[in-house]
Amino acid sequence: MSLDWAEVMRRYDGGATIPTVAGGKTLEITGVDQTGVHIRNPLWRATLAREHLEKAVELIETDRMTRHAGLFVEEYRALVADVRATSAAHLLKDLGVLD
C-alpha cells in the first residue's frame, strides 16, 4: 500500500494541528497541495515534499525502513532526505504509517 495522497489532501486541507511523536507538543499544518504538506512553527515555515513522504512510505512498506517513530528520523535523513525529518515522523505517525 502506498501513501494515498488523496487522503492526505482530504485530511489536511485547510490545515490541522497534530501531536508530536513524543507528545506534549503539536505541529501546525497550514495546508496541503500536490507538492507537499505545508507546516510552520513560530520560527520557520517549510514543506514536507510529497515525493519524500511517498518514498519513505514505500521504504517502510518494503521493510527497508523502520516503523518505529523514534528510530525513523535518522533513517529518513539517510535514505530519503535530510529535510525536516522529525516533522515527517510526526506526520506519518498521525497518518498511522509509524508506530
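Conventions we followed
- Residues numbered from 1 in each chain as written.
- Predicted model: local features only at pLDDT ≥ 70, side-chain atom pairs only at ≥ 80, totals over all residues.
- Heavy atoms only, no water.
- Core = buried A, V, L, I, M, F, W, Y, C linked by side-chain atoms within 4.5 Å.
- Buried < 20%, exposed > 50% of the residue type's maximum accessible area, 1.4 Å probe, protein only.
- Helix = DSSP H or I, 4+ residues; strand = E, 2+ residues; numbered from the N terminus.
- Contact = heavy atoms within 4.5 Å.
- Salt bridge = Lys/Arg side-chain N within 4 Å of Asp/Glu carboxyl O.

Observations regarding the nonpolar core
Here is step 1: Among the nonpolar cores identified, the biggest contains 32 residues, and Val 37, Leu 53, Phe 72, Tyr 76, Leu 91 and Leu 92 are the most heavily contacted of them.
Here is step 2: For this core, the elements supplying multiple residues, two or more each, are α1 (5-12), β2 (26-32), β3 (36-40), β4 (45-49), α2 (50-61), α3 (69-79) and α4 (85-94).
Here is step 3: With sequence-adjacent residues up to four places away left out, Leu 92 is seen in contact with Leu 53, Ala 56, Val 57, Phe 72, Val 97 and Leu 98.

Some thoughts on unusual backbone geometry
Here is step 1: Unlike most non-glycine residues, Asp 63 shows phi in positive territory, near 60 degrees.
Here is step 2: Within the secondary structure, Asp 63 is located in the loop between α2 and α3.
Here is step 3: According to the relative accessible area criterion, Asp 63 is exposed, its value standing at 70%.
Here is step 4: Located in the positive-phi region is Arg 84, a residue other than glycine, with phi close to 45 degrees.
Here is step 5: Relative accessible area serves as the criterion here: at 33%, Arg 84 is assigned to the partly exposed category.

Here we look at the environment of Arg 45
Here is step 1: Mapped onto the elements, Arg 45 comes out in strand β4.
Here is step 2: Taking relative accessible area as the criterion, Arg 45 reaches 63% and is therefore assigned exposed.
Here is step 3: Along the chain, Arg 45 and Ala 78 lie 33 residues apart, while their C-alpha atoms are 22 Å from each other.
Here is step 4: With near-sequence residues (within four places) excluded, Arg 45 lies in contact with Ile 39 and Arg 40.

Details of the pattern of salt bridges
Here is step 1: Per the stated rule, a full pass over the model turns up seven salt bridges.
Here is step 2: Salt-bridge contacts for Arg 10 lead to Glu 7; the nearest nitrogen and oxygen are separated by 2.6 Å. Residue Arg 10 and its partner Glu 7 are both found in helix α1; the two are separated by three residues, about one turn of the helix.
Here is step 3: One salt bridge in this structure joins Glu 58 and Arg 64, with 3.5 Å as the shortest N-O distance.
Here is step 4: Owing to a relative accessible area of 48%, Arg 64 belongs among the partly exposed residues under this scheme.
Here is step 5: Through salt bridges with shared partners, a single ionic network connects Glu 74, Arg 77 and Asp 82.

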